[in-house]
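Read off the chains here:
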Amino acid sequence: MPDAGEMNLGLESLKGFAGKVVQAALGFAGMVVFARVIGRTDFGGFYFLLSLVYIADRPIRGFGQAVEKRYSEVDANKREIVGAALLMSGVAVLIVSVGVLVLRDVLVTQTSLDAAPLVFVTVFGALALFFPAQKLLGGEGWIALQTWNDTVRSILTLGLQLAFVFAGFNAAGMGYGLAAATLLSVPIAWYFLRLTPARPSRATVTSLWRYARFSIPSAFVGKAYDRFDVILLGAIVTTGAVAGYEVAFKLTLPATFLAGVIASGLAPKISNRASKGQDVAIDITNAVSYGSVLAIPVFFGALAIPEPLVVTAYGATYADAAPFLVGLALYQVLYTQTTMYQRALAGLDLPNVQFRVNLLTLAFNLVAGIALLVVMGPIGVVVATVLAEALRYGTSSYAVRGQVREVDVLPRAVFEQVLAGVAMFAVVEALQQMVALRAWYHVVALVGVGAVVYGVVLFAVSAGFRFTLASVYRDAIE
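These lines cover the structure that appears in this document, whether it is placed above or below.

Rules used in this analysis
Residues numbered from 1 in each chain as written. Predicted model: local features only at pLDDT ≥ 70, side-chain atom pairs only at ≥ 80, totals over all residues. Heavy atoms only, no water. Helix = DSSP H or I, 4+ residues; strand = E, 2+ residues; numbered from the N terminus. Polar contact = N/O pair within 3.5 Å; in protein donor to acceptor, adjacent residues only side chain to side chain. Core = buried A, V, L, I, M, F, W, Y, C linked by side-chain atoms within 4.5 Å. Buried < 20%, exposed > 50% of the residue type's maximum accessible area, 1.4 Å probe, protein only. Axes fitted to C-alpha atoms, helices over the stretch in contact; angles between N-to-C directions. Parallel < 35°, antiparallel > 145°, perpendicular 65-115°, else oblique. Left-handed = near helix turned anticlockwise from the far one by under 90°. Contact = heavy atoms within 4.5 Å. Nonpolar A, V, L, I, M, F, W, Y, C, P; charged D, E, K, R; others polar. Phe/Tyr/Trp six-rings, centres within 6.5 Å; stacked < 30°, edge-to-face > 60°. Salt bridge = Lys/Arg side-chain N within 4 Å of Asp/Glu carboxyl O. Expected span 1.5 Å × (residues − 1). Patch = residues over 30% accessible without salt bridge, like charges linked within 9 Å, V, L, I, M, F, W, Y side chains within 5 Å. Areas by Shrake-Rupley, 256 points an atom, 1.4 Å probe, with all protein chains shown as cover.

**What to know about unusual backbone geometry**
Then, in step 1: Phi angles above zero are rare outside glycine, and Arg194 is one such case at about 50°.
Then, in step 2: Examined against the element boundaries, Arg194 turns out to sit in the loop between helix H7 (143–193) and helix H8 (202–236).
Then, in step 3: One non-glycine residue, Asp349, lies in the positive phi region at around 65°.
Then, in step 4: Considering the arrangement of structural elements, one finds Asp349 in the loop between helix H14 (322–347) and helix H15 (351–376).

In structure tokens form, the structure reads like this:
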């Protein structure tokens, strides 16, 4: 592939989507196994520790976005950018190691894991090498390779975690397995990159910093926004409300699989094309057109049979999570649209705008979440999140249109997907009135029928969808 600007985003996204499905299946299987094998306290302690690692690695992730952006530009000094990425990772690991040494007793107390300090540093160090390597693959336009390298990591993670846990390391073994799998995946990325790092010049560091000074705080804000609902419910309501929210949220995650892969390729593609002075409107419009192709049926399915879906997946004790499911499914429809504009802003070298939009959204969610929680109860938190994401969608799309006037923010393809979703909803609603859903396989069969109806109707009414499928198929067999 010559550069990121020439990537076939449709084909790359389809190949990457398959990897996302494998990752999701492995992640779910791992959660089920370890939740049963490891004690509840240690299991929770590990995931609490992991959440702290994911907060601490925000500077690495934010700097990684700057690396991807600059690396994807035409005439980029790639060897110096790689050198800067490795230097940043090394400094971050050193700082975090010192911090963990100082706070080791606090980590052990809060997580109930004696090995918490070592696990923290090990996992952080592995991620500090893995994440920049992944971003460099994205900068080359290899998003399918990027996704499948992460899938290889998921496969290795599950196997190594099982090995460490059953070898007697208990919850700490989950951390060691994750770190080992992550480190083993790094050479795969470097094999394809085939670059020797060079000492970064002042010009390279300055260029990266101009982007990173906004992408790093934006990474922190984004993480806070992602976890705000859970924090608010846990702090003010009960852990039971948190559990209901989490199980509903996980049921909606398939809505984001394709959108996530498309978005990961969109930023480097338009970054490369924009740096050459080429048009990027069609790339953004295409991404917006098909980013929600899975989120829309997930929403209409959740709207039709929310309680049966939750109960079938998690049991009758989670039946009260059904309203959460509908609200979060609607949120995912908005999110899969918004993420395209957010990545477009990143590719257009506007991390400052991206940061301001995310900060505004977080502030709105904070105020609305507390207010609606008081007025409506726990469901008010979800309503606030939907409203906040609608605000983020509006401001993000407006900002992109301000830069690229030719972008179609309401493409015909989205309306056709909604039409197919409505048809699916009507069929599923009618069938559940005719057939009692007494067993899990009844629900699975109904979901399957809904999926078929959605796909058939969309194929019938959307010439653009048929053209896109045909194009991807031709590219795949060439």
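**Let's talk about the side chain of Gln23**
Then, in step 1: Tracing the chain through its elements places Gln23 in helix H1 (residues 9–37).
Then, in step 2: Reaching out from Gln23, the side chain makes a polar contact with the side chain of Thr151 at a distance of 3.0 Å.

**Some remarks on the nonpolar core**
Then, in step 1: Formed by 65 residues in total, the largest nonpolar core has its most connected members in Ile284, Met340, Tyr341 and Val407.
Then, in step 2: The leading source of residues in this core is H14, at 10 residues.
Then, in step 3: One finds Phe46, Ile60, Val119 and Ala171 within the second-largest nonpolar core, a separate group that totals 30 residues.

**What to know about the packing of helix H13 (residues 306–314) against helix H18 (residues 440–461)**
Then, in step 1: At a minimum axis separation of 10 Å, H13 and H18 run at an interaxial angle of 125°. Overall, the two elements H13 and H18 adopt an arrangement that is oblique. Crossing angle aside, the handedness with which H13 passes H18 is left-handed. For the pair H13 and H18, contact is made by Pro308, Leu309 and Thr312 and by Trp440, Val443 and Val447, respectively.
Then, in step 2: Looking at the contact of H13 with H18 residue by residue, the class counts come to 5 nonpolar, 1 polar and no charged.

**Side note on the environment of Ala426**
Then, in step 1: Position of Ala426 relative to the elements: it lies in helix H17 (residues 412–434).
Then, in step 2: Each C-alpha atom, one on Ala426 and one on Ala304, is 8.3 Å from the other, the two residues being 122 residues apart in sequence.

**Looking at the packing of aromatic side chains**
Aromatic ring pairs are described here by two measures, namely the spacing of the ring centres and the angle between the planes.
Then, in step 1: Enumeration according to the criterion identifies 10 aromatic pairs in this entry.
Then, in step 2: For the pair Phe164 and Phe169, a centre-to-centre distance of 5.5 Å together with 75° between the ring planes defines the contact as edge-to-face.
Then, in step 3: For Phe164, a relative accessible area of 24% corresponds to the partly exposed category.
Then, in step 4: Each member of the aromatic cluster is reached from another via a ring pair, and the members are Phe164, Phe169 and Tyr176.

**Some points on the packing of helix H3 (residues 58–72) against helix H6 (residues 116–140)**
Then, in step 1: Viewed as axis vectors pointing N to C, H3 and H6 meet at an angle of 25°, and their least axial separation amounts to 8 Å. The angle between H3 and H6 falls in the class roughly parallel. Crossing of H3 against H6: the hand is right-handed. Residues Ile60, Arg61, Gly64, Gln65, Val67, Glu68, Tyr71 and Ser72 of H3 form the contact with H6, whose own contacting residues are Phe124, Ala128, Phe131, Pro132, Lys135, Leu136, Gly138, Gly139 and Glu140.

**Describing the pattern of salt bridges**
Between side chains of opposite charge, pairing is possible as soon as their charged atoms come close.
Then, in step 1: Scanning the model with the defined rule gives 12 salt bridges in all.
Then, in step 2: A salt bridge links Arg58 to Asp57, with the shortest nitrogen-to-oxygen separation between them at 3.5 Å.
Then, in step 3: When its relative accessible area of 3% is taken as the criterion, Asp57 is described as buried.
Then, in step 4: Among the salt bridges present, the one from Glu140 reaches Lys78, with a minimum N-O distance of 3.3 Å. Within this pair, whereas Glu140 is found in helix H6, its partner Lys78 is found in helix H4 (residues 78–102), the two being separated by 62 residues in sequence.

**What about helix H12 (residues 295–304)?**
Then, in step 1: Where burial is concerned, most of H12 is hidden: 8 out of the 10 residues are buried.
Then, in step 2: Restricting attention to buried positions, one finds in H12 the residues Ala295, Ile296, Pro297, Phe299, Phe300, Gly301, Ala302 and Ala304.
Then, in step 3: The inward-facing, buried residues of H12 abut H13, H14, H17 and H18.

**Observations regarding the environment of Pro268**
Then, in step 1: Here Pro268 lies in helix H10 (residues 257–275).
Then, in step 2: In this structure Pro268 comes out as buried when scored by relative accessible area, which is 1%.
Then, in step 3: Each C-alpha atom of the pair Pro268 and Leu348 lies 9.4 Å from the other, and the pair is 80 residues apart in sequence.

**Observations concerning H4**
Then, in step 1: Along its 25 residues, H4 runs 37 Å from first to last C-alpha, staying within 8% of the 36 Å computed at 1.5 Å per residue.
Then, in step 2: Along H4, the residues that are buried comprise Glu80, Ile81, Val82, Gly83, Ala84, Ala85, Ser89, Ala92, Val96 and Val100.
Then, in step 3: Contacts made by the buried residues of H4 are with H3, helix H5 (104–111), H6, H7 and H8.

**Let's talk about a nonpolar patch on the surface**
Then, in step 1: Among the surface-exposed residues, Leu366, Val367, Ile370, Val374, Val375 and Met376 lie close enough to one another that they form a single nonpolar patch of about 580 Å² accessible area.
Then, in step 2: Tracing the sequence through the fold places Met376 in helix H15.
Then, in step 3: Met376 gets classed as partly exposed once you look at its relative accessible area, which sits at 40%.

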